[in-house]
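# Residue-level structure breakdown
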Amino acid sequence: MPAPRAELRDSGSVRSRQAADEPALGLGADTGPDADPCHSPDADLGPDADLGPDSGPSPDSDPSPGAGPGPESGPDPESSPDSESSPDPGLLPDPGPEPASAAAPRHLPPGSGVAALSPRYQVGAALAVAVVAVAVCVHVGMVFLHVAPSNTVTKAHGKAIDDWIYPEFEQNWKLFAPNPLQQNIAVQVRAQIRGVDGGSRTTGWYDLSAQDGRDIDGNLVPSHTQQNELRRAWDFFTATHDSSARPVGLRGALAETYLRRVVVMRLERGSVDEGGVVERVQVRSRTTNVTPPKWGTDKVSTTPVYRVLSWWSVPDGATEGGAR
């Protein structure tokens, strides 16, 4: 009776090879009406079977000597989708060093300067900067007031400014030269005219500076003559004459001739002679101090101060350049 036992072993081996070649859909692939009742019970375990410690073969069981290794309980590695999408990491090529652009960002160094200090030292540094800034502003302001022309601030705090400047920060220059005018000077003239009937008359005072001012007001492009001719003529005269109107130097006579010609031309231009002849002219200046601001403490006189010159004879052809 040995023959039937050999057939069982052969049929078991064939079934084992067939189960290994077919795709394993679970651990119960051979269950059915034609299942071999002689193969191992482990092959009939379904997907919900309990694989606890008691479900394995007994250690005392004697396996068949001719039976080969049974099929693995897991899915076929060749047919698993994970095996195709996840290749073996050991078989991948070495990607090489990571490019610099994809490298991890460098850690920024810790705060430097004042930010690296503790809060207490930060407050101290801020106070030091504030003190230096205030000192610089005060110094610049003191130097400005020292070199600026005399004004309300320098008159009220002149000693404090001098104490700050001298002797370390002494300045030997001025911000404005010459000193800006703080007076209004008007040049006025009157004339002695001989009429057609042979009589003479003296006109009133004509304010030539006020006439120039009216011509300049509202004029976007005033002429140089309107702005500077009369003013420069008077400055030229006062610079070359003393307080008694006596010439100082060789240019005194030239300054007198120039001023006289200017005022005579203005009189004729204004038809002051009324058909007569200008025989003599007299020039004077009217000086008034500029009113100080309301917040200032300066006390200045607003009474006009006049400087009256002597009469000048007007020779014939004086306006044509023949005055002597």
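Residues numbered from 1 in each chain as written. Predicted model: local features only at pLDDT ≥ 70, side-chain atom pairs only at ≥ 80, totals over all residues. Heavy atoms only, no water.

## Thoughts on the pattern of salt bridges
Per the stated rule, a full pass over the model turns up 6 salt bridges. Between K159 and D163 there is a salt bridge, with the nearest N and O atoms lying 3.2 Å from each other. Taken together, the residues span about one helical turn, with K159 and D163 both in helix 5 (residues 158–165) at a distance of 4 residues. We classify K159 as exposed; its relative accessible area is 64%. Connected through shared salt-bridge partners, D212, E229 and R266 make up one network. (Salt bridge = Lys/Arg side-chain N within 4 Å of Asp/Glu carboxyl O. Helix = DSSP H or I, 4+ residues; strand = E, 2+ residues; numbered from the N terminus. Buried < 20%, exposed > 50% of the residue type's maximum accessible area, 1.4 Å probe, protein only.)

## Brief notes about unusual backbone geometry
Excluding glycine, residues mostly have negative phi values, and the peptide bonds linking residues are mostly trans. Across the junction of Y166 and P167, the peptide omega takes the value -5°, indicating a cis bond. Along the polypeptide, P167 turns up in the loop between helix 5 and strand 1 (183–194).

## Examining the nonpolar core
Of all hydrophobic cores here, the largest spans 21 residues; its most connected members are L259, V263, V281 and V283. For this core, the secondary-structure elements that each account for two or more residues are strand 1, helix 7 (224–239), helix 8 (252–269) and strand 4 (277–289). Once residues within four sequence positions are removed from consideration, L259 is found in contact with A233, W234, F237, V283, L309 and W312. Residues M142, V143, L145 and I165 belong to the second largest nonpolar core, which totals 5 residues. (Core = buried A, V, L, I, M, F, W, Y, C linked by side-chain atoms within 4.5 Å. Contact = heavy atoms within 4.5 Å.)

## Points about the side chain of Q192
Topologically, Q192 is positioned in strand 1. Looking at Q192, the relative accessible area reads 17%, which means it is buried. Here Q192 is in contact with S200, R201, T202, V277, V278, E279, R280 and W311, once residues within four sequence places are set aside.

## Regarding the side chain of Q282
As for its placement among the helices and strands, Q282 is situated in strand 4. Overall, Q282 belongs to the buried group, its relative accessible area being 7%. Reaching out from Q282, the side chain makes a polar contact with the side chain of R190 at a distance of 2.8 Å. When neighbours within four sequence positions are excluded, Q282 is seen to be in contact with Q188, V189, R190, W205, V308, L309, S310 and W311. (Polar contact = N/O pair within 3.5 Å; in protein donor to acceptor, adjacent residues only side chain to side chain.)

## Examining the confidence of the model for the protein chain
When pLDDT is averaged along the protein chain, the result is 74, and 61% of the positions lie at 70 or above. Considering only residues more than four positions removed or in separate chains, one finds that residues 23–33, a stretch of pLDDT under 50, has 16 contacts. Confidence drops under pLDDT 50 across residues 77–84; counting only partners more than four residues distant or on other chains, this segment forms 3 contacts. (pLDDT = per-residue confidence, 0-100.)

## A look at the environment of T303
Secondary-structure assignment places T303 in the loop between strand 4 and strand 5 (305–308). Look at T303 and you get exposed, because its relative accessible area is 52%. Measuring from C-alpha to C-alpha, the distance between T303 and N289 comes to 8.0 Å, with 14 residues separating the pair along the chain.

## Some thoughts on the pairing of strand 4
Of the pairings in the sheet, the one linking strand 1 to strand 4 comprises 12 bridges and is antiparallel in character. Looking at the pairing, A191 lines up with V281 of strand 4. (Pairing = 2+ DSSP bridges.)

## Focus: a nonpolar patch on the surface
A cluster of nonpolar residues, V134, V138, W164 and F169, forms a patch on the protein surface that exposes about 330 Å² of accessible area. Checked against the element boundaries, W164 lands in helix 5. Residue W164 is classed as partly exposed on the basis of its relative accessible area of 34%. (Patch = residues over 30% accessible without salt bridge, like charges linked within 9 Å, V, L, I, M, F, W, Y side chains within 5 Å. Areas by Shrake-Rupley, 256 points an atom, 1.4 Å probe, with all protein chains shown as cover.)

## Digging into the packing of aromatic side chains
Summed over the entire model, instances satisfying the criterion amount to 2 aromatic pairs. An aromatic cluster is defined as three or more aromatic residues linked by ring pairs; in this entry it consists of W234, F237 and W312. The side chain of R284 reaches across the aromatic face of W205, ending 4.2 Å from its centre. (Phe/Tyr/Trp six-rings, centres within 6.5 Å; stacked < 30°, edge-to-face > 60°. Lys NZ or Arg CZ within 6 Å of the ring centre and 35° of its normal.)

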